[in-house]
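Chain and residue survey
Residues per chain, in single letters:
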Amino acid sequence: EAKEGGKRRFAVFTPAMRDSIVRRHDLKEELAEAISNRDLMVQYQPIVDIQTGEAISVEALVRWNHSDRGRIPPMEFIPLAEDTGLIVPLGRYVLEEACASVVQRSHTLQVQVNLSAIELEHPDLIQTITDVLERTGIAPGRLVLEVTETLLVKDAERGAATLQQLRDLGVQLALDDFGTGYSSLSYLRNLPLDTLKIAREFVEGLAFSDHDAAFVRLIVGLAKTVGLKVVAEGIETRAQLDMLREIGCDLGQGYYFAAPMDVDADWESAPVAAALV
Ligand code: C2E
Ligand code: MG
Ligand code: MG
Ligand code: MG
């Protein structure tokens, strides 16, 4: 399997490696408990019109505050959840929680939920999404599912077919972290996408690297030409924002506007204030 081939083979086995393997093992067991105990929670980060700071959507991001170990970053536990299949109940929890919260909070905001490749391959996916739409009463067009190109690596045709089925439910689709994976123009041409999210890596160098700026300009132009919305991820500075405005990027997300926030926080004021500065 491709995943196995990607794993590193160690020449020397150090105590640090042993600790890391033990931690992974323990976390897998604890994650199962965390899901059934509802020790996970969801934070929300605004996605805004970069001219006005007005939030048009929020991205749901799962959080695990471990009772003994403290906060564990998604980059550490999402891969474990994928390995164990726990990503399926975890994903369903985030989806349901996010849709229910946004319906309660607003009549217009969209909500974006990350879907891992494992979830997309799962035979119950379409039924799960249908159930969640029904149970929470959210208008399908307000739910945006974020996927990455990795979903297409194993079986591009099947991946594209699943995305089309989701689209047929009326939900929107965003391609996340664009530019970092196996980006291919054929994906943009063949997939039923609504939004392209420019990976933070490109936005990072925007203000000091002509080279990175050229790529962002190209991606924004490309997205607009083919009728996709485009979101710049990871905006942290005023200089990056200025460049994005000059380039003509419409939407953005990042600490400059607002960090991910709890469900009961004010999602809308900070981004508007940041846009005005
Ligand atoms: P992502 O989907 O690309 O989410 C954006 C990540 O960038 C989030 O990290 C967010 O907190 C972070 N971020 C936002 N603005 C900035 C900024 O200005 N600067 C920097 N340096 N970072 C910023 P987070 O929450 O740690 O999540 C990491 C990744 O874990 C996500 O990347 C996503 O791939 C995955 N993830 C998070 N929640 C879920 C989930 O519920 N389900 C699945 N399948 N994956 C999830
Ligand atoms: Mg995302
Ligand atoms: Mg992203
Ligand atoms: Mg991602």
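Remember, it's a predicted structure, so these values are computed and weren't measured experimentally.

Thresholds applied
- Residues numbered from 1 in each chain as written.
- Chains lettered and ligands numbered in written order.
- Predicted model: local features only at pLDDT ≥ 70, side-chain atom pairs only at ≥ 80, totals over all residues.
- Heavy atoms only, no water.
- Helix = DSSP H or I, 4+ residues; strand = E, 2+ residues; numbered from the N terminus.
- Rg over C-alpha atoms; globule rule 2.2 N^0.38 Å.
- Buried < 20%, exposed > 50% of the residue type's maximum accessible area, 1.4 Å probe, protein only.
- Areas by Shrake-Rupley, 256 points an atom, 1.4 Å probe, with all protein chains shown as cover.
- Lys, Arg positive; Asp, Glu negative; His and termini not counted.
- Charge placed at Lys NZ, Arg CZ, Asp CG, Glu CD.
- Donors = N, O, S within 2.8 Å, 3.2 Å for Na, K, Ca; no water.
- Near = heavy atom within 4 Å.
- Polar contact = N/O pair within 3.5 Å; in protein donor to acceptor, adjacent residues only side chain to side chain.
- Pairing = 2+ DSSP bridges.
- Right-handed = clockwise from strand over helix to strand, strands pointing away.
- Contact = heavy atoms within 4.5 Å.

The next point concerns the overall build of the protein chain. When its secondary structure is counted, the protein chain shows 12 helices and nine strands. Radius of gyration (C-alpha) of the protein chain: 19 Å, near the 19 Å computed for a compact globule of 277 residues. Looking at the protein chain as a whole, 45% of its 277 residues qualify as buried. Counting only carbon and sulfur atoms, one obtains 52% of the accessible surface of the protein chain, whose full area is about 14200 Å². In the protein chain, the 27 positive side-chain charges and the 43 negative ones have mean positions that sit 2 Å from each other.

Around the magnesium ion (ligand 3), the donor atoms from the protein are Asp176 (OD), Asp177 (OD), Glu233 (OE) and Glu233 (OE), and they sit 2.1 to 2.5 Å away. Read from N- to C-terminus, the donor residues coordinating the magnesium ion (ligand 3) fall into the pattern D-D-x55-E. In this model, the magnesium ion (ligand 3) sits 3.8 Å from the magnesium ion (ligand 2), the two metals being bridged by Asp176. Look at Asp177 and you get partly exposed, because its relative accessible area is 30%.

Close contacts around ligand 1 come from 24 residues, with Arg63, Asn114, Asp176, Glu236 and Tyr255 the closest. Residue Glu59 places a side-chain N or O atom 3.0 Å away from an oxygen atom belonging to ligand 1. In the environment of ligand 1, a nitrogen atom lies 3.2 Å from a nitrogen or oxygen atom belonging to the side chain of Arg200. For the shell around ligand 1, the elements supplying multiple residues, two or more each, are strand E2 (55–66), helix H3 (74–84), helix H4 (87–105) and strand E6 (172–178).

On to the pairing of strand E5 (residues 143–147). Counting buried residues along E5, five of its five residues qualify, which places the element largely inside the surrounding structure. The side-chain alternation of E5 yields two buried faces, one formed by Leu143, Leu145 and Val147 and the other by Val144 and Glu146. Here four bridges tie E5 to E6, and the two strands are oriented parallel to one another. Of the residues in E6, the one forming a bridge with Val147 is Leu175. Handedness of the β-α-β unit built from E5, helix H7 (residues 156–168) and E6 comes out right-handed.

This part takes up the environment of Val272. Residue position: Val272 is located in helix H12 (residues 269–276). Relative accessible area serves as the criterion here: at 33%, Val272 is assigned to the partly exposed category. Separated by 218 residues in the primary sequence, Val272 and Glu54 place their C-alpha atoms 5.8 Å from one another. Not counting chain neighbours up to four residues away, the residues in contact with Val272 comprise Thr52, Gly53 and Glu54.

What follows is about the side chain of Ser101. Along the chain, Ser101 turns up in helix H4. According to the relative accessible area criterion, Ser101 is buried, its value standing at 8%. Of note is the side chain of Ser101, whose polar atom sits 2.8 Å from the backbone oxygen of Glu97.

So, on to the coordination of the magnesium ion (ligand 2). At 2.0 to 2.2 Å from the magnesium ion (ligand 2) lie its protein donor atoms, namely Glu59 (OE), Asn114 (OD1), Glu146 (OE) and Asp176 (OD). Of note, the magnesium ion (ligand 2) draws all its donor residues from one chain, in the sequence arrangement E-x54-N-x31-E-x29-D. Among the residues examined, Glu146 registers a relative accessible area of 1% and is labelled buried.

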